[in-house]
Amino acid sequence: MVDNINRRNSFNLAHHYTWWAFFIVIGGIYFAYFYPSSLTACISIIRKLKGRKNPIGVYFEKENIDTLDSKSELFLTILSSMAQEESRSVSENTKWGVQKRFQQGIVHMPTTFFLGYETTEDGEIYINEEQAEVVRRIFREFLDGKGCPRIAKGLTRDGLKTGKGNKTWTSDAVYKILKQEKYQGHCLAQKTVTIDYLTHKRVRNRDIQPQYFVKNTHPAIISEETFEAAQQEIKRRSLMMRDPDNKYRQHFSGHSPFSNQYFCGECGRPVIRRRLTSSRKGEKYYISAWQCRVTAGRDPDYKDCKTSYIQETDLENAFMKVVREMKGNLDTVIEEARQAIEKASLSPPEQQRLEELNTQIEAITDRISDLAAKESATRDAIYDATLRHLIYEQEILQQERDSLEENMQEQLYLEKQLQSLLDLLETTEELDDFDVTLFKKTIERGIIYKERMVEFQFKCGVKRILCAKERKTPKKK
């Protein structure tokens, strides 16, 4: 500890320094010496003090070091290095203990600023129903087609508070809630890691350290099915930025039922909404139409497309015409959907491999839990190596299982969408006017071709194509 300032050559410190500057210098030395991450700053400050016209010395009473002594810098460097090594050892041991608790399924979930959850005095996590309803609303509106900015605007307008008690919502806050796996009752541990024990800098854990997914750690606000549907929708909207061939870019919009739903069948670019002006009997009127953005002159990278526009009312009428036809031929719809489901289903060998992977992963997980449950006073190299090998093997098997389960999720998705379509067709009686809800819940995408031909691709795998509006041919004389 710095207990004394050694003044040489009758140097008057008060004459050259104000008192506040004096305390800043002394505080800097104290902090730099006792926190090894500031070793360079410590030596730098001492050198500046020694290099003055009237040198200032710092005397460390406990270590009996006078910085005006020629050997002091060497001693300070050695002591700081020893402190730094001790800090590193403490950091490694602490990290090892935290990872061991993760392996045992013990996670730490603070709820101070966590929307939807609170903690009792005994440490038990429970649901705050008033806040949980805000979380459910966010997921519900997102799956209904709203974007994060619109959801945030609505929450702000209604005066609902964030986890920190703010009344102003941002799209980023909404997005983070949609990506938060804890709302389904599970916890992903070690999302961030400390990469430097000196600066304590934390970064996102991108393949730096193993992560631990612990299930059923606390009550769930939303179902796993809802959470997975939201992740699929996030992925779908993210893919809108680019098509597989890197041909175009676009942004998600939920202002119109047709936004981000139609694409050009000739060039593959998105179809955009336009406000066109027409005239009838000398009077101007406006119409809403959908046209390939290349044809509309909105794509600077591509010019060669001549697809004509289709009026919005014609697209609405074409969709309702398809729905009426499907309602009258449900057996055909079911058969076509079943074929799409069968095509997406896992083959018998793939299904068998998935079961084998589940068994192997479960066995490795049990071995990791048993090994992590063994208390050890000191770190054992063999223990650590065995544990790392098991975790690595678990990750390899998990990747293969995730790939197969993704294919299986496609099958389950098609089955769910088929049942949803059948229920909607059965409960919807009036099929004359355009039904926005029916369109949003059943259509995956629409393709607009030349001659105003439109293909509707339903979420259950069924496709229908028809002419939205035929051209009027002049009568023969």
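A brief structural summary.

Rules behind the numbers
- Residues numbered from 1 in each chain as written.
- Predicted model: local features only at pLDDT ≥ 70, side-chain atom pairs only at ≥ 80, totals over all residues.
- Heavy atoms only, no water.
- Buried < 20%, exposed > 50% of the residue type's maximum accessible area, 1.4 Å probe, protein only.
- Helix = DSSP H or I, 4+ residues; strand = E, 2+ residues; numbered from the N terminus.
- Pairing = 2+ DSSP bridges.
- Core = buried A, V, L, I, M, F, W, Y, C linked by side-chain atoms within 4.5 Å.
- Axes fitted to C-alpha atoms, helices over the stretch in contact; angles between N-to-C directions.
- Contact = heavy atoms within 4.5 Å.

Description of the pairing of strand β16 (residues 463-467)
Reasoning step 1: The alternating pattern of β16 places R464 and L466 on a buried face, while none of K463, I465 and C467, on the opposite face, is buried.
Reasoning step 2: Two elements, strand β15 (residues 453-458) and β16, share five bridges in a ladder whose sense is antiparallel. Residue pairing for β16: F456 is matched across the bridge by R464.
Reasoning step 3: The antiparallel hairpin formed by β15 and β16 contains four residues in its connecting segment, where G461 sits at a positive phi of about 100 degrees.

A few points about the nonpolar core
Reasoning step 1: Y262, L315, F319, V454, F456 and F458 are the most contacted members of the largest nonpolar core, which has 40 residues in total.
Reasoning step 2: A per-element tally of this core places helix α9 (residues 312-327) first, with seven residues.
Reasoning step 3: Membership of the second largest hydrophobic core comes to 25 residues, among which are I125, V135, I138 and V174.

Considering the sheet that holds β16
Reasoning step 1: The strand order across the open sheet formed by four strands is β10-β14-β15-β16, and the pairing between neighbours is mixed. Among the strands making up the open sheet, the edge pair consists of β10 (262-264) and β16. Between one strand and the next, the sheet's axes are offset by a mean angle of 20 degrees, whatever the strand orientation.
Reasoning step 2: Sheet contacts for α9: β10, β14 (443-448), β15 and β16; angle to β15, the most-contacted strand, approximately 55 degrees.

Let's talk about unusual backbone geometry
Reasoning step 1: Backbone geometry places E451, a non-glycine residue, at a positive phi of 60 degrees.
Reasoning step 2: On the secondary structure map, E451 appears in the loop between β14 and β15.
Reasoning step 3: Despite not being glycine, R452 has its phi angle at roughly 60 degrees, a positive value.
Reasoning step 4: Inspection of the secondary structure puts R452 in the loop between β14 and β15.
Reasoning step 5: On the accessibility criterion, R452 (16% relative accessible area) is buried.

Topic: the sheet that holds strand β13 (residues 310-311)
Reasoning step 1: An order of β11-β12-β13 is seen for the three strands of this open sheet, with the pairing classed as antiparallel. Each end of this open sheet is capped by a strand with a single partner; those strands are β11 (271-280) and β13.
Reasoning step 2: Taken together, the two bridges between strand β12 (residues 283-292) and β13 define a ladder with antiparallel strand orientation. Bridged to A289 within β13 is Q311.

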